[in-house]
Structure formats: C-alpha cells, structure tokens
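# Structural description and commentary
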Amino acid sequence: RDITSRQATERLLRENESRLRSVVEALPIPCAINDPQGNISYLNPAFIETYGYDRQDIPDLQSWWPKAYPDPAYREAVIAQWLAHLEKAQREGEKFEPIEVDIRCKDGRTSRTIGFASPLQDASASMLVSLIDVTEQRLAQAEIEAHREHLQELVEERSREIIELNRKLEQRAAEAESANRAKSSFLANMSHEIRTPMNAILGITHILQREVAEPAQLEKLEKLGKSAQRLLGILNDILDLSKIAAG
C-alpha cells in the first residue's frame, strides 16, 4: 500500500512538473529553473532568444555568472545581492524582492533586466527564475529625462535672459529719467538766466519809449520791444515743453 501511494505521489509530481514546464515554455518572458546544487535544469525559448545562451553555454550557475557579468567587481555585487534577497525571502517567508541588473548577452549586448525568483513546490526544491528585459523602457526613460533636463536648462537660460533684459530696461529707464531731469533742470536754469536780462531789456525799452520823442528812435525801440517779447515767448514755450516731457 505504501509503495502504491509513493508511486502515485511520484506520478503526480511528474505530471505537475510537466504541466509547469509546458506553462513556462509558452511564457513570453525569459525563465530558468535552477536546482539546489546550482545546476540549470531548464531554459525556456524566451530566455534563449533574449540572452542568446542555451544550456550548453550555461549548464550551471558557475557558468552563468561570469558570462552574464564579466566585470568581476560587478559580478560579486550582483551575486551578493541575489543571495541576500534569497536568504531574506526564505528566512521571513516572503516573496523574493526583485533586483535590477545589467546582463551581458551572448552577442555582446547589455540587457537591463529585472530578476525574480520563486521556489517550486516539488520534491527537487528547485527555483524558478524569471527575468524581464526592461532595456527599451530604461532607454526611453533616460531619453525623457535628458529631454526634461534640456528643457529645464532652456527655461533657466531664458529666465536669466529675461532677468538681464529687465535689468537693462530698468537701467535705461533710470538713465532716461536722469537725463530728463537734467534736461529739465538745464532748461529751467537757462530760461531763468535768459528771461531775467530779457525782462530788463523790455523794461528799459518801455522807459525809453516814454522818454524818446524822435519817430525813428521810437520805431527802433518798438521793434526791439517786439523782438524781446517774441524771444520771451519762445523761452516760455521751451520751458512748457520741457515740463511736458518730464511728465
């Protein structure tokens, strides 16, 4: 009876393993099955297509590590991280925390990959490793980030240009205002300096017109007075224009 039960259990395990392999075989993502001794017992077609390695190339993890991670320092870091995540998942009974790594493909390409691992519920205590190639997504993200940084640089550059332009405009406005004040002050002073003697000329002309009796002299004094009046009017007009320009 024990033999029959054991045979039934073994048959059930084989059937489950066969169904699992059929499912993994059809998966579009790269998958591998590793046993506790570090042997790679299975690679699905998506794995071979993505990374180029078959089981002849990587029969075990000792063959996989140096091919996938040719740089010794990086390889040691990846192995340490992988084992630490495995140990944590087994110790705490939690899911394996994915890791993101750069895998060197057989053709020399580098694939940015997120790796997952989950134990198989079978007698072999094997591990199903599934890998997701995110190279294109990371390249697209890097390109978007580069465009964002470039746009940010353009915005900052344009902001600096606007600030500098505003500074120059403010400086020119201040210079123009200072020039207007200087011009107004000059015109006011000039008007005062000229109107004072002009008023004196008009006053003397008026006095002489009352004292002089000769018609010829009176005519000359009249012309002098009219000319002085016109000059005084021009001075007043200049002063008014300077006030308008100054606001």
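Rules and cut-offs
Residues numbered from 1 in each chain as written. Predicted model: local features only at pLDDT ≥ 70, side-chain atom pairs only at ≥ 80, totals over all residues. Heavy atoms only, no water. Helix = DSSP H or I, 4+ residues; strand = E, 2+ residues; numbered from the N terminus. Buried < 20%, exposed > 50% of the residue type's maximum accessible area, 1.4 Å probe, protein only. Contact = heavy atoms within 4.5 Å. Areas by Shrake-Rupley, 256 points an atom, 1.4 Å probe, with all protein chains shown as cover. Polar contact = N/O pair within 3.5 Å; in protein donor to acceptor, adjacent residues only side chain to side chain. Phe/Tyr/Trp six-rings, centres within 6.5 Å; stacked < 30°, edge-to-face > 60°. Pairing = 2+ DSSP bridges. Axes fitted to C-alpha atoms, helices over the stretch in contact; angles between N-to-C directions. pLDDT = per-residue confidence, 0-100. Salt bridge = Lys/Arg side-chain N within 4 Å of Asp/Glu carboxyl O. Core = buried A, V, L, I, M, F, W, Y, C linked by side-chain atoms within 4.5 Å.

## Structural notes on the overall build of the protein
When helices and strands are counted, the protein shows six helices and five strands. Classification of the 247 residues of the protein by burial places 25% in the buried group. In the protein, of all internal contacts separated by at least 6 residues, the share reaching a separation of at least 24 is 40%. With an accessible surface of roughly 17,200 Å², the protein has 56% of that area assigned to carbon and sulfur atoms.

## Some words on the side chain of S111
One can find S111 in strand 4 (residues 110–119). Of note is the side chain of S111, whose polar atom sits 3.0 Å from the side chain of T113. Apart from residues no more than four positions distant in its own chain, S111 is found in contact with Y51, V101, D102, I103, C105, D133 and T135.

## Structural notes on the packing of aromatic side chains
According to the stated counting rule, one finds seven aromatic pairs in the structure shown. Between W64 and Y69 the ring centres are 6.3 Å apart and the planes differ by 80 degrees, which places this aromatic pair in the edge-to-face class. The burial state of W64 is the same as that of Y69; both residues are buried.

## Re the sheet that holds strand 1 (residues 31–34)
Spatially, five strands are ordered 2-1-5-4-3 in an open sheet, and the strand pairing comes out antiparallel. Of all the strands in the sheet, the pair left with one neighbour each is strand 2 (40–43) and strand 3 (99–104). Adjacent strand axes in the sheet meet at a mean angle of 30 degrees, parallel and antiparallel pairs treated alike. Sheet topology places strand 1 next to strand 2; three bridges connect them, and they run antiparallel. Each residue of the ladder has a partner; that of I33, found in strand 2, is Y42. Packing of helix 3 (residues 61–68) onto the sheet brings it into contact with strand 1, strand 2 and strand 3, and relative to strand 3 it is tilted by some 80 degrees. Across the face of the sheet, helix 4 (residues 72–92) comes into contact with strand 3, strand 4 and strand 5 (127–133) while running at roughly 140 degrees to strand 3.

## Concerning the confidence of the model for the protein
Looking at the protein as a whole, the pLDDT averages 83, with 85% of positions reaching at least 70. Across the protein, the element-wise mean pLDDT spans from 62 in helix 1 (residues 2–26) up to 96 in strand 3.

## Comments concerning the pattern of salt bridges
Taken as a whole and judged by the stated rule, the model has 11 salt bridges. For R138, the salt bridge identified is with E100, shortest N-O distance 2.6 Å. Placement of the pair is R138 in helix 5 (residues 135–211) and E100 in strand 3, with a sequence separation of 38 residues. With a relative accessible area of 27%, R138 lands in the partly exposed category.

## Here's the deal with the nonpolar core
Nonpolar side chains in soluble globular proteins tend to end up buried together. The biggest cluster of nonpolar side chains holds 24 residues, and the ones touching the most others in it are F47, Y51, I58, W64, Y69, W82 and I103. Looking at this core, the elements with two or more residues in it are strand 2, helix 2 (45–51), helix 3, helix 4, strand 3 and strand 5. The biggest single contributor to this core is helix 4, with four residues. Sequence-distant contacts of W82, that is, excluding residues within four places in its chain, are made with W65, F96, I99, G115, F116, A117 and V129.

## What to know about the pairing of strand 4
Relative to strand 4, strand 3 runs antiparallel, the two sharing six bridges. Note that in strand 4 the partner of D102 across the bridge is R112. In this structure, the hairpin formed by strand 3 and strand 4 is closed by a connection of five residues, where G108 is found at a positive phi of approximately 95 degrees.

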